[in-house]
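Observations on the three-dimensional arrangement
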Amino acid sequence: MPLFNPHELRRAIPAGKRVLGLDPGSKTIGLALTDVSLMLASPYRSIPRKKLGDVATTLAAIVEKEEIGALIAGLPLSLDGSFGPAARAAQDWLTELATRLHLPACTWDERLSSSAVNRFLIQDADMTRKRRAEVVDKMAASYMLQGWLDAAVEG
C-alpha cells in the first residue's frame, strides 16, 4: 500500500475501525491504539524489533484482534525538520509493512516524543528508570498518535 497524506488518511479509515500507532526504535516498537471514534490515543504495548516478516506476523494478529483500519508510524525528522536517512528508512519500513498488512498508512513527525514522555514520567509520575524503560516506547507511540489525531481533525 502506498503511504497516504496524513490528513487524507483519516477519510480512508472505515467506520468502526481503529488506528494503530507505531514508534519503531532500535530494540522495541511501541504500539498505541485509538478508540473507534478516532478521538483518543492510548498506549497499548511494546514488541521486540525483529526482522520485518516477524514484526508483520505479530502485528497481523493485533490488526485482526483490535480491528485496525490504518497505521501511523513515527517519522524521525531531524531537529531542524529536515528529511534525512533515518526518515527515509522509516518510510520504506512502513511502506513494506503496510503492504504486507494490506492497510493504508502514513508517517507522522515524532520529534521529541520520547523526550516529552520521559520528562513527564520523571517529573510528574516520579517513575524509576527501570519502570520508565518498560513504558516509554508505548507512551511515545501514544503521544505521536494523539498528535496525528488532533491535527487530522483540524485538517
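Presented here is a report on the structure given in the accompanying data block. These figures come from a predicted structure and were not determined experimentally. (Residues numbered from 1 in each chain as written. Predicted model: local features only at pLDDT ≥ 70, side-chain atom pairs only at ≥ 80, totals over all residues. Heavy atoms only, no water.)

1. A word on the side chain of Ser 142
Heads up, the condition is: Put simply, DSSP marks the helices as runs of H or I at least four residues long and the strands as runs of E at least two long, and each gets a number from the N terminus on. Each residue's exposure class comes from its accessible area (1.4 Å probe, protein chains only) as a fraction of the maximum for that residue type: buried when under 20%, exposed when over 50%, partly exposed otherwise. Polar contacts, as counted here, are pairs of nitrogen or oxygen atoms within 3.5 Å of one another; within protein the pair requires one atom able to donate a hydrogen and one able to accept it, and residues that are adjacent in sequence qualify only if both atoms are side-chain atoms. Contacts between residues were defined by any pair of non-hydrogen atoms, one from each residue, lying within 4.5 Å.
Within the secondary structure, Ser 142 is located in helix α5 (residues 129-154). Taking the relative accessible area as the measure of exposure, Ser 142 reaches 9% and is therefore buried. Polar contacts involving the side chain of Ser 142 include one to the main-chain carbonyl oxygen of Ala 41, which spans 3.3 Å. Beyond its immediate chain neighbours, meaning those up to four positions away, Ser 142 contacts Ala 32, Ala 41, Ser 42 and Pro 43.

2. Examining the sheet that holds strand β3 (residues 41-48)
For clarity, the cut-off: DSSP bridges decide pairing: two strands pair if at least two such bridges lie between them. Only the contacting stretch of a helix is used when fitting its axis, a line to C-alpha atoms as for every element, and angles between N-to-C directions run 0 to 180 degrees.
Strands sit in the order β3-β2-β1-β4-β5 across an open sheet of five strands; the sheet is mixed. A strand with exactly one partner marks an edge of an open sheet, and here the two such strands are β3 and β5 (105-109). Within the sheet, the average angular offset between the axes of one strand and its neighbour, ignoring direction, is 30 degrees. Taken together, the five bridges between strand β1 (residues 18-24) and strand β4 (residues 68-75) define a ladder with parallel strand orientation. Note on β4: the bridge partner recorded for Val 19 is Ala 70.

3. A closer look at the pairing of β5
Applied cut-off: Note on handedness: a clockwise path from strand one over the helix to strand two, with the strands aimed away from the viewer, defines a right-handed crossover.
Counting buried positions over the five residues of β5 gives four, a clear majority of the element. Here β4 pairs with β5 via five bridges, running parallel. Paired with Leu 71 across the strands is Ala 105, a residue of β5. One crossover worth recording links β4 to the parallel β5 by way of helix α3 (residues 85-101), and it is right-handed.

4. Here we look at the environment of His 102
The residue His 102 is located in the loop between α3 and β5 in this model. Look at His 102 and you get exposed, because its relative accessible area is 62%. In sequence terms His 102 and Ala 60 are 42 residues apart; their C-alpha atoms lie 9.6 Å from each other.

5. Here we look at the packing of helix α2 (residues 52-66) against α3
Selection rule: For classification purposes, an angle smaller than 35 degrees is called roughly parallel, one larger than 145 roughly antiparallel, one from 65 to 115 roughly perpendicular, and anything else oblique. In this scheme, a crossing is called left-handed if the near helix is turned counterclockwise away from the far one by less than a right angle; it is called right-handed if the turn is clockwise. Asp, Glu, Lys and Arg are counted as charged, while Ala, Val, Leu, Ile, Met, Phe, Trp, Tyr, Cys and Pro are counted as nonpolar; the rest, among them Gly, fall into the polar class.
Contact geometry for α2 and α3: axes closest at 10 Å, N-to-C directions at 50 degrees. Between α2 and α3, the angle falls in the class oblique. Crossing of α2 against α3: the hand is right-handed. The segment α2 lies against α3, with Leu 52, Gly 53, Val 55, Ala 56, Leu 59, Ala 60 and Val 63 engaging Trp 93, Glu 96, Leu 97, Arg 100 and Leu 101. Of the residues contributing to the contact of α2 with α3, the split by class is nine nonpolar, one polar and two charged.

6. A closer look at the pattern of salt bridges
How we decide: Here, a salt bridge means any side-chain nitrogen of Lys or Arg that lies within 4 Å of a carboxyl oxygen of Asp or Glu.
With the rule as written, the count across this model stands at four salt bridges. Among the ionic pairs, Lys 65 bridges to Glu 66, the shortest N-O distance being 3.8 Å. The salt bridge involving Asp 92 is made with Arg 88; its shortest N-O contact spans 3.7 Å. Residue Asp 92 and its partner Arg 88 are located together in helix α3, separated by four residues, close to a single helical turn. Judged by its relative accessible area of 43%, Asp 92 falls in the partly exposed class. Judged by relative accessible area, Arg 88 falls into the partly exposed class, the value being 43%. The network of salt bridges with shared partners includes Arg 18, Lys 65 and Glu 66.

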